[in-house]
Amino acid sequence: MMDKIALFVITLLLTLKVTKAQLSWKLLHNGNNQNGTVPKPRRDAGIGSDLGRRRVILFGGREGSEKGSPVFDDTWIYYGDTSTWRLINTDIHPSARFSFVSGMSGEYFYIATGEGRDRMFYNDIWRFHIRMEKWEQLPAQEKPDYISHNQWSQSKDTILTPEERYGAAGGIYRNESTKFYVSLGFADVRFSNTFSYDYVGKSWYIDFAFSHPYSPEFPHGRCLHSGTMIAPDDLVIFGGCLTGGSTGGPCPSGDSWIFQGKRKVWDQLNNCASPRVYSSMAMLPIADGKRRVVLYGGVEKLPQVLTATESPASELVILNPDLRIKRWEKKTVKGEVPSKRASAAMVTGPAGIYMFGGIDIESGKTMNDLWSLMGDSSAVDKTETSTPCTETTFYNYIMLHGIFMVAGWGVLLQWGAYIARYMKHRDPLWFYLHIGCQVFGLVFSIVGFVCGVLSVQFDHFRFTHAILGLVIMVLGLQQPLNALV
């Protein structure tokens, strides 16, 4: 009898130990507003973590998705020891903005770029001193000693800075690097370039410049993607929106890339997570030298999407960047989980990953709760694996555009021309086959053209592929008239 009790106790302890070692969500603050002592509900805010003091820094964001929604310029600090928020009142601070890049280094919280009120876009860079509780705007480039103030003021227009943008990705690696990265983004066009700011030398540098818009060697211009630093000069990004702004492409997208800053090259990763925009990404605390990246949430259904497998609220997509061939995999978190959301602010903390606010996918309500994904990189292997990466269904108008165009222009119209040229000895069969191929080919091409137009959310016919497609369709529609002549 005693042996059975001892065996039961040992089994229970082992079970508790394994469960504890898994990744799990913990609610740190429910967001209930008591006399204005918590941040208002918001999305697309910036967040930083003071690892040594268990503090979270929050800035900016917007209240909702609708045009004219309030945009914030407030600064908050969350104290992990007391589970309380405090508003920091400063006379000098960045303009109100959302969808900007943020990062921590030492006692400083950095932000750059973003969108403000009335579609005002920014390319400035600021830092907040946590101990002194003061904001400071940093120069795009610090004046060299050998240049006079007059000469410097006259040359400011030629200083290298990122173009004004929002929806970029980047940041600082684990509070350890001296570089702040800003990659891709959108204003009037979608950007494909990557910049870094040396906040010791106080100067911007361009690390990757735009080249051919259809090159498979780097990610196409996009915004609303997620990203995080995985090394002092290495950045991983996922998804985003590639259409509109003088470009065409999927929105949402499901591709992911790693930028190697020292080599100035991009490497594409395997497809795993469902395509999405407004997802969140951060690294887990490193344990035993292992690095792991967490991708969470996001919007998977947009006007361009026909059908998609939507991820459950309990799902995390984990990247192992230590492998020679870096790969994503899906994991399922047990127990209490946050409501599925997009545009949440995420950052690495001392015991896991902090996540604040965002917008609830089902209700559309913005939130101000604070969660922690508890666990370090060693907990990933102990967390249950979800569905395989291959079990993701996704169809959009771009796919239909390709299918109908290949069937119409690539098969039916070609066969129609071939039959008219080489099968006239089979009269009148050749004529009926020719007419059938041409009619159905033209119908398929028109349907493909319509799908192509529907796949671009705005700024139609402002890029090469769309312009050439429009010209070819106009010529193709005249072909039946030519047959009558």
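Above this note sits the structure.
Residues numbered from 1 in each chain as written. Predicted model: local features only at pLDDT ≥ 70, side-chain atom pairs only at ≥ 80, totals over all residues. Heavy atoms only, no water.

(A) The pattern of salt bridges, seen in detail. Applying the stated rule across the entire model yields 23 salt bridges. When the shortest N-O distance is used, the salt bridge between R222 and D255 registers 2.8 Å. Here the residue R222 occupies a position in the loop between β13 (203–208) and β14 (226–231), and D255 occupies one in the loop between β15 (234–238) and β16 (256–260), the gap between them amounting to 33 residues. Judged by its relative accessible area of 1%, R222 is buried. The exposure class assigned to D255 is buried, which follows from its relative accessible area of 13%. Put simply, D50, R53, R55, E107 and R131 are held in one network by salt bridges that share partners. (Salt bridge = Lys/Arg side-chain N within 4 Å of Asp/Glu carboxyl O. Helix = DSSP H or I, 4+ residues; strand = E, 2+ residues; numbered from the N terminus. Buried < 20%, exposed > 50% of the residue type's maximum accessible area, 1.4 Å probe, protein only.)

(B) Up close: helix α4 (residues 429–455). If you check α4, its first and last C-alpha atoms are 39 Å apart, about what 27 residues at 1.5 Å a residue would give, namely 39 Å. All of the buried residues in α4 are W430, H434, C437, Q438, G441, L442, S445, G448, C451, G452 and S455. (Expected span 1.5 Å × (residues − 1).)

(C) The arrangement of the sheet that holds β13 in detail. With respect to topology, 4 strands assemble into an open sheet ordered β10-β11-β12-β13, the strand pairing being antiparallel. The open sheet terminates on both sides in strands that have one partner only, identified here as β10 (169–171) and β13. Ignoring strand direction, the axes of neighbouring strands in this sheet form an average angle of 25 degrees. Two strands pair when backbone bridges link them, and strand β11 (residues 179–186) and strand β12 (residues 190–198) are joined in this way by 7 bridges, in the antiparallel orientation. By the bridge assignment for β12, F186 is matched with R190. (Pairing = 2+ DSSP bridges. Axes fitted to C-alpha atoms, helices over the stretch in contact; angles between N-to-C directions.)

(D) Layout of the state of the cysteines. Taken as a whole and assessed by the stated rule, the structure comprises 2 disulfides. Two residues share a disulfide in this structure: C241 and C251, whose sulfurs sit 2.1 Å from each other. Across the disulfide from C241 to C251, rotation about the S-S bond amounts to roughly -110 degrees, and the bridge is consequently left-handed. Placement of C241 in the loop between β15 and β16 and of C251 in the loop between β15 and β16 is noted, with a sequence separation of 10 residues between them. No difference in accessibility class separates C241 from C251, as the two residues are buried. With a sulfur-sulfur separation of 1.9 Å, C272 is cross-linked through a disulfide to C389. A torsion of -70 degrees about the S-S bond marks the disulfide between C272 and C389 as left-handed. (Disulfide = S-S within 2.5 Å.)

(E) Spotlight on the environment of L373. Its location among the elements puts L373 in strand β26 (residues 366–374). When near neighbours in sequence (up to four residues on either side) are disregarded, L373 contacts L23, S24, W25, L284, V294, L316, V333, A351, G352 and I353. (Contact = heavy atoms within 4.5 Å.)

(F) Region of interest: the nonpolar core. Core analysis: the largest hydrophobic core is formed by 26 residues, its most contacted members being V236, W266, V293 and W328. Within the residue set of this core, elements represented by two or more residues are β11, β14, β15, β16, β18 (280–283), β19 (293–296) and β21 (315–320). The element that contributes the greatest number of residues to this core is β15, accounting for 4 residues. Apart from residues lying up to four places away in sequence, V236 is in contact with S226, G227, T228, I230, W257, I258, L269, M281, V293, L319 and W328. Within the second largest apolar cluster, 17 residues are counted, among which are L23, L284, L316 and V380. (Core = buried A, V, L, I, M, F, W, Y, C linked by side-chain atoms within 4.5 Å.)

(G) The arrangement of unusual backbone geometry in detail. Here C251 and P252 are connected by a cis peptide whose omega angle stands at 15 degrees. Note that P252 resides in the loop between β15 and β16. Residue D427 is joined to P428 through a cis peptide bond whose omega torsion reads 5 degrees. For P428, the location among the structural elements is in the loop between α3 (397–422) and α4. Of note in this structure, S83 is not a glycine but carries a positive phi near 55 degrees. For S83, the position within the fold is in the loop between β4 (75–79) and β5 (84–88). Residue classification places S83 among the partly exposed residues on the basis of a relative accessible area of 34%. Despite not being glycine, R119 shows a phi value in the positive range, around 55 degrees. Tracing the sequence through the fold places R119 in the loop between β7 (108–112) and β8 (125–129).

(H) The environment of A420, seen in detail. The residue A420 is located in helix α3 in this model. A420 sits in the buried class, given a relative accessible area of 18%. Residues A420 and L433, 13 residues apart in the sequence, show an inter-C-alpha distance of 8.7 Å. Every residue in contact with A420, bar those within four places of it in the chain, is listed here: W430 and H434.

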